[in-house]
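Survey of secondary and tertiary structure
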Amino acid sequence: MRHGEPVTPLLRAPAWLRALLILFLVAWLGLITYLALSATAGSRAILAVLAVAGAVLVYRLFRLGVAGDAEHLVVRNQLRTLTYRREDVEQFRTGKPVGQLSFSRSIYVITSTDGIVAVDVTTRPNVLSRSRQKMRDDLETCESWRTESPG
């Protein structure tokens, strides 16, 4: 897959969460700007770093998801983006996320190259029936991508 080629989104954060991230970014940058108006030069440098850090965080969270095309699966997690060839994806499975609450669940990609890889966008509490159904639907979406004929 060449950089910039379109892939079909399979899983993304909900639209309401993406909208909330944009609102947070606007409020964050507004606060930083307000504080910068009365800050000293040294303080402005720190505020600039905070503004960039907030923008990068929101960008990475906004982009969380899984996308696929006929040949590749792209997993966009909080800290890195991973790309796998279709033949390297062995299966998808649910499990407890590492370092999370015991009642949370995530979908994991089992690959022949990297082993087990978490799909961050799917991590959610698994206590409500609606949440469990969403997890089953997301798993089915991923499995249908894996089992469909490429091309």
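Our subject is the structure that appears above.
Residues numbered from 1 in each chain as written. Predicted model: local features only at pLDDT ≥ 70, side-chain atom pairs only at ≥ 80, totals over all residues. Heavy atoms only, no water.

1. A few points about a nonpolar patch on the surface
- A grouping of W16, L17, L20 and L23 is seen on the molecular surface, where their side chains present a nonpolar patch of about 450 Å² in accessible area.
- Here W16 is to be found in helix α1 (residues 15-37). (Patch = residues over 30% accessible without salt bridge, like charges linked within 9 Å, V, L, I, M, F, W, Y side chains within 5 Å. Areas by Shrake-Rupley, 256 points an atom, 1.4 Å probe, with all protein chains shown as cover. Salt bridge = Lys/Arg side-chain N within 4 Å of Asp/Glu carboxyl O. Helix = DSSP H or I, 4+ residues; strand = E, 2+ residues; numbered from the N terminus.)

2. Let's talk about the sheet that holds strand β4 (residues 81-85)
- The 4 strands are arranged β1-β2-β3-β4 in an open sheet whose pairing can be described as antiparallel. Either end of the sheet is taken by a strand with one partner, and the two such strands are β1 (8-12) and β4. For this sheet the average axis-to-axis angle between neighbouring strands, irrespective of direction, equals 20°.
- Two elements, strand β2 (residues 65-68) and strand β3 (residues 72-76), share 4 bridges in a ladder whose sense is antiparallel. Directly across from A67, in β3, lies its bridge partner V74.
- Its contacts with the sheet put helix α3 (residues 129-147) on β1, β2 and β3, and the angle it makes with β1 is roughly 155°. (Pairing = 2+ DSSP bridges. Axes fitted to C-alpha atoms, helices over the stretch in contact; angles between N-to-C directions. Contact = heavy atoms within 4.5 Å.)

3. A short note on the nonpolar core
- The biggest cluster of nonpolar side chains holds 18 residues, and the ones touching the most others in it are L73, V89, F92, V109 and V119.
- Among the secondary structure elements, those contributing two or more residues to this core are β3, β4, β5 (89-95), β6 (104-111), β7 (115-125) and α3. (Core = buried A, V, L, I, M, F, W, Y, C linked by side-chain atoms within 4.5 Å. Buried < 20%, exposed > 50% of the residue type's maximum accessible area, 1.4 Å probe, protein only.)

4. Observations regarding the packing of α1 against helix α2 (residues 41-62)
- Between α1 and α2, whose axes approach to 10 Å, the crossing angle comes to 175°. The angle between α1 and α2 places the two elements in the roughly antiparallel class. Mapping the contact onto sequence places R18, L21, I22, F24, L25, W28, L29, I32, L35, A36 and L37 in α1 and R44, L47, L50, A51, G54, A55, V58, L61 and F62 in α2.
- Grouping the constituent residues of the contact of α1 with α2 by class yields 17 nonpolar, 1 polar and 2 charged. (Parallel < 35°, antiparallel > 145°, perpendicular 65-115°, else oblique. Nonpolar A, V, L, I, M, F, W, Y, C, P; charged D, E, K, R; others polar.)

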